[in-house]
Amino acid sequence: MNEFAVLRPSSLREALNMKAKYGKRAKVLAGGTDLVVQLKRKNISTSVLIDISRLDELRFVKVDGHVIRIGTLTSHSKICSDPSLMRKAEPLCEACAQIGSPQIRNRGTIGGNLVNASPAADSALALLALGAEFVIESTAGQRIIPAQEFFLGPGETALRENELLTEIKFKALEPTEGGAFFKLGRRNALAISIASAAAWVKLSADFRVVEEAKVCLGAVAPVPLRAVRTEEMLKGVKVDSLELRDIEKSATEESSPITDIRSSAQYRRMVVGVLARRAVESALRRAAGQIDAGVSGGVVGCD
Ligand SMILES: Cc1cc2nc3c(=O)[nH]c(=O)nc-3n(C[C@H](O)[C@H](O)[C@H](O)COP(=O)(O)OP(=O)(O)OC[C@H]3O[C@@H](n4cnc5c(N)ncnc54)[C@H](O)[C@@H]3O)c2cc1C
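What counts, and where the lines are drawn
- Residue positions are given per chain, counted from 1 along the sequence in the order it is written.
- Residues qualify for local features only when their pLDDT is at least 70, as the model is predicted, and side-chain atom pairs are given and counted only at 80 or more; totals for whole chains, interfaces and linings, by contrast, use all residues.
- Hydrogen atoms and water are omitted, and side-chain values are computed over all heavy atoms in the structure.
- The rule for pairing is simple: two strands pair if DSSP sees at least two bridges between them.
- By definition, any uninterrupted DSSP run of H or I lasting at least four residues is a helix, any uninterrupted run of E lasting at least two residues is a strand, and each is numbered from the N terminus.
- In this analysis, two residues are considered to be in contact whenever any of their non-hydrogen atoms come within 4.5 Å of each other.
- Axis angles are defined between N-to-C directions and span 0 to 180 degrees, where every axis is a line fitted to C-alpha atoms and, for a helix, only to the segment in contact.
- If an angle is under 35 degrees, it is roughly parallel; if it is over 145, roughly antiparallel; if it lies from 65 to 115, roughly perpendicular; otherwise it is oblique.
- Two helices cross in a left-handed way if the nearer one is turned anticlockwise from the farther one by less than a right angle. They cross in a right-handed way if the turn is clockwise.
- All amino acids are sorted into three groups, where Ala, Val, Leu, Ile, Met, Phe, Trp, Tyr, Cys and Pro are nonpolar, Asp, Glu, Lys and Arg are charged, and the leftover types, Gly among them, are polar.
- Grouping buried Ala, Val, Leu, Ile, Met, Phe, Trp, Tyr and Cys residues that are joined through side-chain atoms within 4.5 Å yields what is termed a nonpolar core.
- Accessibility here uses a 1.4 Å probe with only protein chains present; expressed as a share of the type maximum, an area under 20% marks a residue as buried, one over 50% as exposed, and anything in between as partly exposed.
- Segment limits for the domains were obtained from an automatic or database-derived domain assignment.

Colleague: Report on the sheet that holds strand β14 (residues 225-226), specifying residues and quantitative values.
Modeller: Strand order in the open sheet made by the four strands is β11-β12-β13-β14, with antiparallel pairing throughout. Both outer strands of the open sheet, β11 (177-184) and β14, are each paired with one neighbouring strand and no more. Sheet analysis places strand β13 (residues 210-218) next to β14, joined by two bridges and oriented antiparallel. Looking at β14, one finds that Cys-216 is bridged to Arg-226. Along the sheet, helix α4 (residues 90-97) makes contact with β11 and β12 (195-203), crossing β11 at roughly 20 degrees.

Colleague: Outline the packing of helix α10 (residues 244-254) against helix α11 (residues 265-287), supporting the account with residue identities and numerical values.
Modeller: Interhelical geometry of α10 versus α11 gives an angle of 135 degrees and a closest axis separation of 7 Å. Taken together, the axes of α10 and α11 are oblique relative to one another. In this structure, α10 crosses over α11, and the sense of that crossing is right-handed. Residues Leu-244, Arg-245, Ile-247, Glu-248, Ala-251 and Thr-252 of α10 form the contact with α11, whose own contacting residues are Arg-269, Met-270, Val-272, Gly-273, Val-274, Ala-276, Arg-277, Val-280 and Glu-281. Of the residues that constitute the contact of α10 with α11, the class distribution is eight nonpolar, two polar and five charged.

Colleague: Help me get a handle on the nonpolar core, residues and values and all.
Modeller: Ranked by size, the top nonpolar core spans 40 residues in total, and within it Ile-70, Leu-92, Leu-114, Leu-127, Phe-134, Ile-168 and Phe-170 carry the most contacts. Counting residues per element, this core draws most heavily on helix α7 (residues 122-129), which supplies six residues. Both domain 2 (56-171) and domain 3 (177-287) contribute no fewer than three residues apiece to this core. Residues within four places of Ile-168 in sequence aside, it is in contact with Ile-68, Arg-69, Ile-70, Thr-72, Ile-110, Leu-114, Leu-127, Ala-132, Glu-133 and Phe-134. The next biggest cluster of nonpolar side chains, apart from the first, holds 29 residues, and it includes Ala-180, Val-210, Val-272 and Leu-275.

Rendered as structure tokens:
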């Protein structure tokens, strides 16, 4: 690691002033589970580290009517064990419950997972499926962008050098809506996704027809991917006549994975279709009010 100065702002305002002053010369430290590894491996270097980990004003889960707001310093452990999120944000709880190990979930933050911008980032995929918006702040003010516009490439986001990601917002799941997240890693724990899928569906009031759907695929493209053709296939379809094999095939066709140390592209393509089918199936069951414990990735391993 190179030598750097560590700054510890005591408020968000102070942190934003530091960001404005140092710009890209400074790196932001939240939980450090990605950043410290990169600094130690000398993949990145910095002269200033802005340690925002003590800013409690960015650590919250709030349910404002139908809107859920999560501060970006909130840990994965807190999200997957928050009772107010269980039914209202199922895919996100499932994604956070499957990140790393208890230590990583206690230390790692949702903001860090998003800004690190790995195509395999588990919370990113769930938030894409939930149609989340990201609140970004600088000394010049606030802007809000859809999750889909935030990810530009591996490690690249729409965040400017003087900005911080401060909050995530999305609509709580309604009674006719359901969502699910599934991932496959090389082990059951402490494993970055080889491939992952998240789904969200909204059924008609009589639970018979799919009105809207989102299907998202992880680790199979340069960014967390919306499988838009698969989503179109689902819209307007009667639940009884839905061919889940077609969903699997379509998701596979929409993926464009690479081969790396974790998996071959061929295996990823095959697996992501299966995960998408399971996520859609589970989301449909949940939207129809059926309990599918044991079918989904499940909220397991939370502290
Ligand atoms: C052993 C291990 C296992 C892991 N397993 C998984 C896994 O299963 N799934 C998964 O998705 N990830 C996994 N990760 C990756 C990592 O734990 C997560 O991405 C974590 O959420 C990062 O959060 P952090 O708070 O530690 O981020 P940091 O390391 O502190 O920061 C990450 C990046 O985000 C920037 N940043 C952080 N917060 C903000 C903010 N509010 N505004 C602007 N920039 C910000 C930092 O400058 C840095 O560039 C794993 C990591 C390890 C070491």
